[in-house]
Protein chains: 2
Amino acid sequence: MATIKDVAKLAGVAVSTASYALNNSTKISMETKLRVEKAARELNYQKNGLASDLKKDKTNTIALILSDLSGPYYSELIKGVQDFATSNGYDLIACSSIGGANSTAVKFLKEKRVDGAIILAHNISDQIALESARDCFPLVVLDRKLPNDNIFHVEVDNEQGGFMATKHLIDRGHKTIAYVSGPSNSLDNNKRFAGYMRALKENGIGFQSKWKIPGDFTREGGYRATKLLIAQQDLPQGIFYANDEMAIGGLQALQENQLQVPDDISVIGFDDIQISEYVSPPLTTIAQPKYEAGALAVQLILQVLEGGKVSPSFSLPTKLVERQSVKHAGV
Amino acid sequence: MATIKDVAKLAGVAVSTASYALNNSTKISMETKLRVEKAARELNYQKNGLASDLKKDKTNTIALILSDLSGPYYSELIKGVQDFATSNGYDLIACSSIGGANSTAVKFLKEKRVDGAIILAHNISDQIALESARDCFPLVVLDRKLPNDNIFHVEVDNEQGGFMATKHLIDRGHKTIAYVSGPSNSLDNNKRFAGYMRALKENGIGFQSKWKIPGDFTREGGYRATKLLIAQQDLPQGIFYANDEMAIGGLQALQENQLQVPDDISVIGFDDIQISEYVSPPLTTIAQPKYEAGALAVQLILQVLEGGKVSPSFSLPTKLVERQSVKHAGV
DNA sequence: ATGAAAGCGCTAACAG
DNA sequence: CTGTTAGCGCTTTCAT
């Protein structure tokens, strides 16, 4: 493969001149520039990016660490990352953390191959993240919180989302509201539940443990939880499912028992996944600002890279998406 | 950031010794090795991957070029690529071709930042692919065919798949079979249609143009095509939809017209997308070996990199997935 | 406007 | 076993 040396030789100039010419420096005369470009074309020259990055001590690239490149993951979030990286002139690569300490992710986190990284991969240990972050190498974590001067954190405000969902039901006249929960070790779930509790409390509604049913974040789990709720013989006026998957399972269980949503009972979900719009009835739910989270993650990295000072942690508000699974509770 | 020089100095050895020690060379005494490792730890040393790759003239990384990191795309294919790259000790990065000639993809294709690449991105021009491939930089394209000694091609045998689908219907006693087609500029579609035609011909069934209906590869298109077929008043015994999305739209249209599948009419799709299994009735369809295609792509690159000689083109057979949308046609 | 030369951080002969 | 040294391909002072 031709190097810049070959180009310089063929053009009859020094390497430095060739470099300037190829990088559109103003100090080169038009004539030599053309000559160098011609030589480059003839030799089919392509610069070695590694060499130039090494010299410049800058890659202009950020890495997005995913737990598995084959998904599934929040595509909106990735879109946010991608859009903002690209539009700020940065390159973006995605790599997977499969393989733990030997993964591609770790290689890119540690070996100065990129200028910064965004981590969305539960299977990468806190320790590795902590070891990787350093001055001039900012890290944004989207799935945990880590105490380090070079690690920034952006999250969706699940507590506020849980509050909002519950409050919506309360505002629509519901006094009895069940909470179908995700796994108890899920931070997201616990935050949503905390929001539910706060809404209840602030509105003078007592919590009843019979109305907190585990649903495991799966469609199947939501279905079973709902069947259980029905079996309890004392139906709440509304059900807040801690995610949409469970709500969809719940919808099916309700339908099987001749319960009309929203006439007989209201249902609200969380996530605003794609099919929520298409189920019957279309699901009222809480949308997470995933795109914004991705975009913000990139912004933070770029700001740090440019020497700016940024807060270590951000919490993004959720949004209520009203569709047709909630209506005013009858008297 | 500490460099290997700093480590060497602190350990009181030469850089070369430090390098050998850190790379587990056998020629270093256990004692010095330990001393170097200790120094590295103290300095929090991490090697600069760019420098080492530059020196070694090898990155041990292959790139997967996607048209958009935020999907959607064939996750099974990516899984195949990822599994095989990882298990052969290669790193894999994904990058997007958004931005055309200025995209991250092009940067990685041209600037020797990776050892090889797999392209699954229609929005990257043939010209760029052709320019990027070179000796010692193999390229595998999954979505087109390109004449170049360093570009390899793997595809799914759509013609054979189309043949297989049609033949299945014929074997089940169907004499009249409609083809709901994708866009006429789709190569995949045309191959599937060619297979359909060959099956008809080989079994002495004449082609009737009224039974080739455009459906655009969308659910909506399949629905409309089917309505049209029904409106023609002369229903075929079976319908071969050129993809599952259309078949699902078709199923709905059939159901709306009180036509029972498979009792009144048989339906077969193509792709074996995830929901095919869950629609009613579960869809009989043609599965594409996407995982295998991804795995093969990696294998080809690795073989070329290791100096092996490989065929320029591969075509992978499809597989019939029998579910419940086809049964023997009545007399 | 152009050239000579230093050096980014690393690896790998080669010599001892 | 360890040290000296050249050099990967590029950018960037510093002279001229």
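For every chain, the first residue of the written sequence is number 1, and numbering continues from 1 along that sequence. Here every chain gets a letter starting at A, and every ligand a number starting at 1, in the order they are written. A pLDDT threshold of at least 70 governs which residues receive local features in this predicted model, and a stricter bar of 80 or more applies before side-chain atom pairs are shown or counted, although totals over entire chains, interfaces and linings include all residues. To obtain the side-chain values, all non-hydrogen atoms of the structure were included, while hydrogens and water were left out.

Participant: Before we go on, may I ask you to explain helix H5 (residues 75–87) of chain B in this structure?
Facilitator: Because each turn of an α-helix spans 3.6 residues, side chains separated by three or four positions in sequence point in the same direction. Helix and strand definitions follow DSSP, with helices as H or I runs of at least four residues and strands as E runs of at least two, each counted in order from the N terminus. Expected span of a helix, by definition, is 1.5 Å for each gap between consecutive residues, and there is one gap fewer than residues. Taking 1.5 Å of rise per residue, the 13 residues of H5(B) would be expected to cover 18 Å, and the 18 Å separating its terminal C-alpha atoms lies within 8% of that figure. Taken together, the buried positions of H5(B) are occupied by Leu77(B), Ile78(B), Gly80(B), Val81(B), Gln82(B) and Ala85(B). Where the residues of H5(B) are buried, they touch strand E2 (91–96) of chain A together with strand E1 (61–66), strand E2 (91–96), strand E3 (116–120) and helix H12 (290–305) of chain B. Of the residues trailing H5(B), Gly89(B) is marked for its positive phi of about 80 degrees. Exposure categories follow from relative accessible area, calculated using a 1.4 Å probe and restricted to protein chains: below 20% of the type maximum is buried, above 50% is exposed, and the middle band is partly exposed. In this description, contact between two residues means that some pair of their heavy atoms is separated by no more than 4.5 Å.

Participant: In this structure, what is going on with the protein's contact with DNA strand C? I would like to understand it.
Facilitator: The immediate surroundings of DNA strand C are formed by 24 residues, with Thr17(A), Thr32(A), Lys55(A), Ile4(B) and Tyr45(B) found nearest. Throughout this description, a polar contact denotes any pair of N or O atoms lying within 3.5 Å of each other; where both atoms belong to protein, one of them has to be capable of donating a hydrogen while the other can accept it, and for residues adjacent in sequence the pair is counted only when both atoms sit in side chains. Thr17(A) places a side-chain nitrogen or oxygen 2.7 Å from a phosphate oxygen of DNA strand C. Tyr20(B) is positioned with one of its side-chain polar atoms (N or O) 3.3 Å from a base nitrogen of DNA strand C. Broken down by secondary-structure element, the contributors of at least two residues to the surface near DNA strand C are helix H2 (15–22) and helix H4 (49–56) of chain A together with helix H2 (15–22) and helix H4 (49–56) of chain B. Considering each element in turn, the surface near DNA strand C owes the most residues, four residues, to H4(B). Considering only residue class, the surface near DNA strand C consists of eight nonpolar, 11 polar and five charged. When we say a residue is near a molecule or strand, we mean one of its heavy atoms is within 4 Å of it. Three classes are used: nonpolar for Ala, Val, Leu, Ile, Met, Phe, Trp, Tyr, Cys and Pro, charged for Asp, Glu, Lys and Arg, and polar for all others, with Gly counted as polar.

Participant: Help me understand the protein's contact with DNA strand D, please; the structure alone is not making it clear to me.
Facilitator: Around DNA strand D there are 24 residues in total, and Ile4(A), Tyr20(A), Tyr45(A), Thr32(B) and Lys55(B) lie nearest to it. Backbone atoms, meaning sugar and phosphate, make up 57% of the atoms of DNA strand D lying within 4 Å of the protein. Here a phosphate oxygen of DNA strand D and a side-chain polar atom of Ser19(A) are 2.9 Å apart. Here a phosphate oxygen of DNA strand D and a side-chain polar atom of Thr17(B) are 2.7 Å apart. Going through the elements one at a time, H2 and H4 of chain A together with H2 and H4 of chain B are the ones with two or more residues in the surface near DNA strand D. In terms of residue count, H4(A) provides more of the surface near DNA strand D than any other element does, four residues in total. For the surface near DNA strand D, the residue count by class is eight nonpolar, 11 polar and five charged.

Participant: Teacher, can you tell me more about the sheet that holds strand E6 (residues 177–181) of chain B here?
Facilitator: Through backbone hydrogen bonds, the strands of a sheet pair up, either in parallel or in antiparallel fashion. All names here are of chain B. Criterion used throughout: strands pair if DSSP finds at least two bridges between them. Pairing in this open sheet of four strands is parallel, and the strands run E7-E6-E8-E9 from one edge to the other. Single-partner strands in this sheet number two, and they are strand E7 (212–214) and strand E9 (266–268). When strand polarity is set aside, the average angle formed by the axes of neighbouring strands in this sheet is 20 degrees. Two strands pair when backbone bridges link them, and strand E8 (residues 238–241) and E9 are joined in this way by three bridges, in the parallel orientation. Its bridge partner being in E9, Gly238 is matched across the sheet by Ser266. Angles shown run from 0 to 180 degrees and are taken between the N-to-C directions of axes, each axis being a line fitted to C-alpha atoms and, for helices, limited to the stretch in contact. Across the sheet, helix H8 (residues 158–171) touches E6, E8 and E9, and the angle it forms with E8 is around 170 degrees. Strands E6, E7 and E8 of the sheet are contacted by helix H10 (residues 219–231), whose axis makes an angle of about 140 degrees with E7.

Participant: What is the right way to look at the sheet that holds strand E7 (residues 212–214) of chain A in this model?
Facilitator: All names here are of chain A. In spatial order, the strands read E7-E6-E8-E9; together these four strands make up an open sheet with parallel pairing. Edge strands, defined here as strands with exactly one partner in the open sheet, are E7 and strand E9 (266–268). Neighbouring strand axes in the sheet, compared pairwise and without regard to direction, differ in orientation by 20 degrees on average. Of the strands in this sheet, strand E6 (177–181), E7 and strand E8 (238–241) touch helix H9 (residues 187–202), which is tilted by about 170 degrees from E6. On top of the sheet, helix H11 (residues 244–256) reaches E6, E8 and E9; it is set at about 145 degrees to E8, its chief contact.

Participant: Sorry if this is basic, but what is going on with the packing of helix H1 (residues 4–11) of chain B against H2(B) here?
Facilitator: Two packed helices can be described by the angle between their axes and the distance between those axes. All names here are of chain B. Interhelical geometry of H1 versus H2 gives an angle of 100 degrees and a closest axis separation of 8 Å. Accordingly, the angle class assigned to the pair H1 and H2 is roughly perpendicular. For the pair H1 and H2, contact is made by Ile4, Lys5 and Ala8 and by Val15, Ala18, Ser19 and Leu22, respectively. Looking at the contact of H1 with H2 residue by residue, the classes come out as five nonpolar, one polar and one charged. Each angle is binned into one of four classes, with values under 35 degrees roughly parallel, values over 145 roughly antiparallel, values of 65 to 115 roughly perpendicular, and all other values oblique.

Participant: Explanation requested: the interface of chain B and chain A in the structure shown.
Facilitator: Interfaces are often described in size by the accessible area the parts lose on coming together. Across the boundary between the two partners, chain B contributes 36 residues, which contact 36 residues of chain A. A 1.4 Å probe defines the accessible area here, and the buried area is the portion of it lost by two parts on being joined, summed over both. Here chain B packs against chain A, burying approximately 3600 Å² in sum over the two surfaces, 54% of which is carbon and sulfur. We define a salt bridge as a side-chain nitrogen of Lys or Arg found within 4 Å of a carboxyl oxygen belonging to Asp or Glu. There are four salt bridges connecting chain B and chain A. The residue Arg113(B) makes a salt bridge to Asp53(A) at a minimum N-O spacing of 2.7 Å. Residue assignment for the side of chain B that touches chain A shows that the elements contributing at least two residues are H4, H5, E2 and helix H6 (104–110) of chain B.

Participant: Any chance you could explain the UniProt feature "domain: HTH lacI-type" (unreviewed entry) in chain A here in plain terms?
Facilitator: Mapped onto the present numbering, the UniProt feature "domain: HTH lacI-type" (unreviewed entry) falls on residues 2–56 of chain A. The distance separating the terminal C-alpha atoms of residues 2–56 of chain A is 21 Å; by composition the span is 69% helix and 0% strand. UniProt positions are given in the numbering used here, feature names are shortened, and annotations may be inferred rather than shown by experiment.

Participant: I tried to follow the packing of aromatic side chains on my own but got confused; where do I start?
Facilitator: Each aromatic ring pair is specified by the distance between its two centres and by the angle formed by the two planes. Centres within 6.5 Å are what make two rings of Phe, Tyr or Trp a pair, Trp counting through its six-membered ring; a difference in plane orientation under 30 degrees is then read as stacked, over 60 as edge-to-face, and the rest as tilted. This model, assessed by the stated rule, comprises 16 aromatic pairs over all chains. Between Tyr179(A) and Phe193(A), the ring centres sit 5.0 Å apart and the planes meet at 55 degrees, which makes this aromatic pair tilted. Placement of Tyr179(A) in strand E6 and of Phe193(A) in helix H9 is noted, with a sequence separation of 14 residues between them. Each member of the pair, Tyr179(A) as well as Phe193(A), is classed as buried. With centroids separated by 5.3 Å and ring planes inclined at 80 degrees, the aromatic side chains of Tyr179(B) and Phe240(B) adopt a geometry described as edge-to-face. Highlighted residues: Tyr179(B) in strand E6 and Phe240(B) in strand E8, separated in sequence by 61 residues. No difference in accessibility class separates Tyr179(B) from Phe240(B), as the two residues are buried. Each residue in the set Tyr179(A), Phe193(A), Tyr196(A), Phe207(A), Phe240(A) and Phe270(A) is aromatic and connected to the rest through ring pairs, giving one cluster. Charges are assigned to positions over rings by a cutoff of 6 Å between ring centre and Lys NZ or Arg CZ, combined with an angular limit of 35 degrees from the ring normal. Here the guanidinium or amino end of Lys290(A) rests over the ring plane of Tyr74(A), the centre of that ring lying 4.0 Å away.

Participant: How do you make sense of the pairing of E8(A) when you look at a structure like this?
Facilitator: Note on strand geometry: in a regular strand, side chains alternate between the two faces of the sheet. Residue and element names in this part refer to chain A. In E8, alternate side chains face the same way, and those of Gly238 and Phe240 on one face and Ile239 and Tyr241 on the other are all buried. Strand direction decides the pairing type here: E6 and E8, joined by four bridges, are parallel. Looking at the pairing, Ala178 lines up with Ile239 of E8. For the crossover from E8 across H11 to E9, the handedness is right-handed. The handedness rule is simple: strands pointing away from the viewer, and a clockwise path from the first strand over the helix to the second, make the crossover right-handed.

Participant: What is the right way to read the relation of the copies chain B and chain A from this model?
Facilitator: For these two chain copies, the linking operation is a rotation about an axis paired with a shift along it. Laying chain B over chain A is done by rotating through 180 degrees and shifting 0.1 Å along the axis; what remains is an RMSD of 0.2 Å. Here the symmetry operator amounts to a two-fold rotation axis. If distances are taken from each C-alpha of chain B to the rotation axis, the shortest is found for Ala94(B), at 2.4 Å. Comparing contact sets, 100% of the residues at the interface of chain B also lie at the interface in chain A, consistent with an isologous, same-surface contact. Least-squares fitting of one copy onto the other uses the C-alpha atoms of those residues that reach a pLDDT of at least 70 in both copies.

Participant: How do you make sense of the environment of Ala225(B) when you look at a structure like this?
Facilitator: All names here are of chain B. Inspection of the secondary structure assignment puts Ala225 in helix H10. You can call Ala225 buried: its relative accessible area is 2%. Note: C-alpha distance between Ala225 and Gly249 (24 residues apart in sequence) is 9.0 Å. When near neighbours in sequence (up to four residues on either side) are disregarded, Ala225 contacts Val180, Ile213, Pro214 and Gly215.

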